[in-house]
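Residues per chain, in single letters:
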Amino acid sequence: MDKFHNSYGRLTAYALACGYVESKDLGAVHLSLWSEHGVFHVRAHNRGEGRRVFWESFRTLTDARRHYDRQSRALVS
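Remember, it's a predicted structure, so these values are computed and weren't measured experimentally.

**Observations regarding the pattern of salt bridges**
At step 1: Under the criterion given, the structure shown has 5 salt bridges.
At step 2: Between R10 and E22 there is a salt bridge; the shortest N-O distance is 2.8 Å. Note that R10 is positioned in the segment before α1 (13–17) and E22 in strand β1 (residues 22–26), a separation of 12 residues in sequence. Of the two residues, R10 and E22, both sit in the buried class.

**Concerning the sheet that holds strand β2 (residues 29–36)**
Adjacent strands of a sheet form backbone hydrogen bonds with each other and so pair up, either parallel or antiparallel.
At step 1: Strand order in the open sheet formed by 4 strands is β1-β2-β3-β4, with antiparallel pairing between adjacent strands. One side of each edge strand has no neighbouring strand; the edge strands of this open sheet are β1 and β4 (51–58). Ignoring strand direction, the axes of neighbouring strands in this sheet form an average angle of 15°.
At step 2: In the sheet, strand β3 (residues 39–46) pairs with β4 via 7 bridges, with the strands oriented antiparallel. Note that in β4 the partner of N46 across the bridge is R51.
At step 3: Contacting β1, β2, β3 and β4, helix α2 (residues 61–76) crosses the sheet at an angle of about 175° to β2.

**Section: the nonpolar core**
At step 1: With 15 residues, the main nonpolar core has L31, L33, V42 and A64 as its most contacted residues.
At step 2: Secondary-structure elements contributing two or more residues to this core are α1, β2, β3, β4 and α2.
At step 3: If sequence neighbours within four positions are ignored, L33 has contacts with L16, V21, E22, H41, V42, L61, A64, R65 and Y68.

**A word on the packing of aromatic side chains**
Aromatic ring pairs: the centre-centre distance and the angle between the two ring planes describe each pair.
At step 1: In this structure the tally under the stated criterion is 3 aromatic pairs.
At step 2: Judged by centre distance (5.6 Å) and plane angle (45°), the rings of F4 and Y14 are tilted. Here the residue F4 occupies a position in the segment before α1, and Y14 occupies one in helix α1, the gap between them amounting to 10 residues.
At step 3: A centroid spacing of 5.2 Å and a plane angle of 45° characterise the contact between F4 and Y20, whose relative ring orientation is tilted. With F4 in the segment before α1 and Y20 in the loop between α1 and β1, this residue pair connects regions lying 16 residues apart in the sequence.
At step 4: The rings of F4, Y14 and Y20 are connected pair by pair, giving a single aromatic cluster.
At step 5: In this structure, R43 packs its charged tip against the face of W55, placed 4.6 Å from the ring centre.

Cut-off values and rules
- Residues numbered from 1 in each chain as written.
- Predicted model: local features only at pLDDT ≥ 70, side-chain atom pairs only at ≥ 80, totals over all residues.
- Heavy atoms only, no water.
- Salt bridge = Lys/Arg side-chain N within 4 Å of Asp/Glu carboxyl O.
- Helix = DSSP H or I, 4+ residues; strand = E, 2+ residues; numbered from the N terminus.
- Buried < 20%, exposed > 50% of the residue type's maximum accessible area, 1.4 Å probe, protein only.
- Pairing = 2+ DSSP bridges.
- Axes fitted to C-alpha atoms, helices over the stretch in contact; angles between N-to-C directions.
- Contact = heavy atoms within 4.5 Å.
- Core = buried A, V, L, I, M, F, W, Y, C linked by side-chain atoms within 4.5 Å.
- Phe/Tyr/Trp six-rings, centres within 6.5 Å; stacked < 30°, edge-to-face > 60°.
- Lys NZ or Arg CZ within 6 Å of the ring centre and 35° of its normal.

By themselves these figures say nothing about function.
Below, the structure written as structure tokens:
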């Protein structure tokens, strides 16, 4: 395990603070998680329609990951 990935293979808070972005393509929707100025952002864009689906910000990585995972499951369905 390196300092950029946790035991689950996900990016660490350090990696996100360094500018790395965790993202997924879910059909026409692109979901991303990143950090900026100590705030964690989760955003989804619908590329097919050319619009943003949502953009939420969180103080903790745990809350941001919880939202990212929840939205990932919801957007696939």
